[in-house]
Amino acid sequence: MKKIFVNIKGLLQVLDNSDKLIIGNRMKELSKIDNAFLLIEDGIIIDYGPMENCPSLNSIEKVDSKNRYLLPAWCDSHSHIVYSGNREKEFVQRISGESYQTIAKNGGGILNSSNILRETSFEELYNQSSKRIEEVIKLGTGAIEIKSGYGLEIEAEIKMLEVIKQLNENYDISIKSTFLAAHAVPKEYQNNKDEYIKKIIDEWIPRVAKEKLASYIDVFCEKEYFSVQQTRRILECGIRHGLIPKIHVNQFNHLGGVSLGVELGALSVDHLEVMEKEDYSALKGSKTIAVALPNCSFFLRLPFCPAREIIDKNIPLALASDYNPGSAPSGNMNFVISLACSQMRLSPEEAINASTINGAYAMGLSNKLGSITEGKTANLILTKPISSYSMIPYSFGNTLIEKVYINGKEA
Ligand code: NIG
Ligand code: FE
C-alpha cells in the first residue's frame, strides 16, 4: 500500500542513513526540504524530494499537506508509563511546602506507587497503561522506552515488564523495555539494602534476561537510594546478562554516577539536573548520550539540566518526558520541547534534533526511526497549518499536530 504526501510546506529532519546522532553545532541545523513530497509504501519511507520531482502516481492515497510541516514522530527515550493510580495527594502536599524527598522519606513517592501497583491486576495495569500509550501517540510520540521499577519485588516487576511486552505487541509504535528494580529500596528491605541488591543480582536480573523481558538495566543512583558502588554492581551484573546500562543520575546530587555510566558503556545517563566539571569531561567524546527531562524540573521546581552547556561542549543530548506519577505526570513531548527552548535556551532546531534522531539513539533505534530517511519506518507528525516550525515550542500548552502516522497509518 502506497501513500503520498504532497505540497508539504517543509519536510523536516531529512537525514542520510549514516546519521545516527547529531551533536554540537550540527544541532543548530534542521535539514529541511521546502515544498516537498514524501512517498511511503507498506509503512516505510521510500522516496521524497521537492515537488518538482514528485512522481505522478495515480490511484494511490494522496495527503495534501499545504501549509503544513511533516516530520518524524517524537522518540521519547525515558518513561515510566506503566504505573497504577496517581499521586495527586502528594502533588498538593508539595504545593503546600513539603519536598519530594521528605514525602519519599515518609513512605510516599516511589514506595507509594509501589504499594498501589502490587495490588493492581495485570489486566487493570495494562488498561491504565494502554490509555497513556494512546494519549502520547496522539501527542506525536512514535517510539517510547518504558521502565519497570514500581514493583520492587520480582512478581510485581515481572508484571510490569509483561505489560510493557503486551503493549509492544498490541501497538505499532516502537517500545523498548528497561529493568529498574533498583528504583528504590522496598520497605521490607529498608534495613537491609544489601540483601535487596543481592536479590536483584543473583535472581532477578538473570530471570529477566532469560525471559527476554528487557533490553536495558537502570538504577536510581542517588543519596538515600543506590550509591555509585551499588549502582556499579547492579549494572555490571546487567551487562553480564546482555542488558545495556542506563542510569538515573545527578537528579539531586553529584555522586560520580555519570563517570561510572561512561566507564560501563551506558547508552544514556538521564536527569543531570546537577552537573559538575568531572561529569562533562567524562561524557565528552564518549558514546553515552545525556538525556534531559525538563518536565521533571518543571513539575518539581528543580533546576533544569544545563542542556545548553552540554550541547556547546559537543556532548550528545536527547530530550525525554520521564512520564511518571510522581515527578512528571505528562508524556507531552511538545511541552518538553517548549520547556527545552524557554527554560534551557535550546533553539527550536536543537530541541527537535534532541527529540527525534537523538531520542532514537538513546533507545538504540536510530537505524529505523528519528529521521526522514529512505528505508526508515514512517512514524510521522503532520502539523496543523503553521507559519514556521518554531511555532511548536512557541505555542506551549497547545498541540499543533493535525495527524500522527504510525507505520504509515493514521493513528
Ligand atoms: O525519573 N528519579 C527517580 N525516578 C523517577 C520518579 C519516580 C517517581 O517519583 O515515581 C524520575 O523522576
Ligand atoms: Fe525517570
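Below, the structure is looked at part by part. (Residues numbered from 1 in each chain as written. Chains lettered and ligands numbered in written order. Predicted model: local features only at pLDDT ≥ 70, side-chain atom pairs only at ≥ 80, totals over all residues. Heavy atoms only, no water.)

## Quick notes on the sheet that holds strand S8 (residues 174-182)
Here comes step 1: Across the sheet, which stays open at both edges, the eight strands sit in the order S6-S7-S8-S9-S10-S11-S12-S13 with parallel pairing between neighbours. If you trace the sheet from one side to the other, it starts and ends with strand S6 (74-76) and strand S13 (317-319), each paired once. Sheet twist, expressed as the mean angle between neighbouring strand axes with direction ignored, is 25 degrees.
Here comes step 2: On the sheet, helix H4 (residues 122-138) packs against strand S7 (141-147) and S8 and is oriented at approximately 145 degrees with respect to S7. (Pairing = 2+ DSSP bridges. Helix = DSSP H or I, 4+ residues; strand = E, 2+ residues; numbered from the N terminus. Axes fitted to C-alpha atoms, helices over the stretch in contact; angles between N-to-C directions. Contact = heavy atoms within 4.5 Å.)

## Structural notes on the site of ligand 1
Here comes step 1: Taken together, 15 residues form the shell around ligand 1, and within it Arg-87, Tyr-100, Tyr-150, Gln-251 and Ser-327 come nearest.
Here comes step 2: A distance of 2.8 Å separates a nitrogen atom of ligand 1 from a polar atom in the side chain of His-183.
Here comes step 3: Within the side chain of Asp-322, one N or O atom sits 2.9 Å away from an oxygen atom of ligand 1.
Here comes step 4: Look at ligand 1: alone it shows 330 Å² of surface, and the protein chains cover 100% of it.
Here comes step 5: Among the detected pockets, ligand 1 sits in the largest cavity. (Near = heavy atom within 4 Å. Polar contact = N/O pair within 3.5 Å; in protein donor to acceptor, adjacent residues only side chain to side chain. Areas by Shrake-Rupley, 256 points an atom, 1.4 Å probe, with all protein chains shown as cover. 1 Å grid on protein atoms, 1.4 Å probe; cavity = no way out; pocket = protein on both sides within 12 Å on 5 of 7 lines; lining within 4 Å. Sits in = over half its atoms within 2 Å of the grid points.)

## Some words on the layout of surface pockets
Here comes step 1: Here the largest pocket is characterised by a volume of approximately 380 Å³.
Here comes step 2: Counting residues per element, the lining of the largest pocket draws most heavily on helix H2 (residues 100-105), at three residues.
Here comes step 3: Residues that form the lining of the largest pocket fall into these classes: seven nonpolar, six polar and five charged.
Here comes step 4: There is about 180 Å³ of room inside the second largest pocket.
Here comes step 5: Lining the second largest pocket are Glu-134, Ile-137, Lys-138, Asn-170, Tyr-171, Asp-172, Ile-173, Ile-406, Lys-409, Glu-410 and Ala-411.
Here comes step 6: By residue number, the principal contributor to the lining of the second largest pocket is H4, which donates three residues.
Here comes step 7: Taken together, the residues that form the lining of the second largest pocket break down as five nonpolar, one polar and five charged. (Points joined across faces, edges and corners; volume = space filled by probe spheres on them. Nonpolar A, V, L, I, M, F, W, Y, C, P; charged D, E, K, R; others polar.)

## Some points on the pattern of salt bridges
When the charged atoms of two side chains lie near each other, side chains of opposite charge can form a pair.
Here comes step 1: Per the stated rule, a full pass over the model turns up 20 salt bridges.
Here comes step 2: One salt bridge connects Glu-224 with Lys-105, and the closest N-O pair in it is separated by 3.9 Å. Remark: Lys-105 occurs in helix H2 and Glu-224 occurs in the loop between strand S9 (216-221) and helix H7 (228-240); sequence separation between them is 119 residues.
Here comes step 3: Relative accessible area serves as the criterion here: at 63%, Lys-105 is assigned to the exposed category.
Here comes step 4: In this structure, Lys-409 and Asp-172 form a salt bridge, with 3.5 Å as the shortest nitrogen-oxygen distance. One end of the pair, Lys-409, is in strand S16 (residues 409-410); the other, Asp-172, is in the loop between helix H5 (154-170) and S8, and 237 residues separate them in sequence.
Here comes step 5: Using a relative accessible area of 42% as the deciding quantity, one classes Asp-172 as partly exposed.
Here comes step 6: In the salt-bridge network here, residues are joined through shared partners; they are Lys-28, Arg-308, Asp-312 and Glu-350. (Salt bridge = Lys/Arg side-chain N within 4 Å of Asp/Glu carboxyl O. Buried < 20%, exposed > 50% of the residue type's maximum accessible area, 1.4 Å probe, protein only.)

## Notes on the coordination of the iron ion (ligand 2)
Here comes step 1: Every protein donor of the iron ion (ligand 2) is listed here as His-78 (NE2), His-80 (NE2), His-248 (NE2) and Asp-322 (OD), and their distances to the metal cover 2.1 to 2.3 Å.
Here comes step 2: Ordering the donors of the iron ion (ligand 2) by residue number gives the pattern H-x1-H-x167-H-x73-D. Within this pair, whereas His-78 is found in the loop between S6 and helix H1 (88-95), its partner His-248 is found in strand S10 (residues 244-249), the two being separated by 170 residues in sequence.
Here comes step 3: Under the relative-accessibility criterion, His-78 is labelled buried at 0%.
Here comes step 4: Since its relative accessible area comes to 3%, His-248 is described here as buried. (Donors = N, O, S within 2.8 Å, 3.2 Å for Na, K, Ca; no water.)

## Some points on the packing of aromatic side chains
Here comes step 1: In the structure shown here, the tally under the stated rule is nine aromatic pairs.
Here comes step 2: Between Tyr-69 and Tyr-389, the aromatic rings sit 6.0 Å apart at their centres with planes inclined by 90 degrees, giving edge-to-face as the arrangement. Remark: Tyr-389 occurs in the loop between strand S14 (380-383) and helix H15 (391-394) and Tyr-69 occurs in strand S5 (residues 69-72); sequence separation between them is 320 residues.
Here comes step 3: Classification of Tyr-389 as buried rests on a relative accessible area of 10%.
Here comes step 4: With centroids separated by 6.3 Å and ring planes inclined at 70 degrees, the aromatic side chains of Tyr-83 and Tyr-323 adopt a geometry described as edge-to-face. Taken as a pair, Tyr-83 in the loop between S6 and H1 and Tyr-323 in the loop between S13 and helix H12 (333-344) lie far apart in primary sequence, 240 residues in all. (Phe/Tyr/Trp six-rings, centres within 6.5 Å; stacked < 30°, edge-to-face > 60°.)

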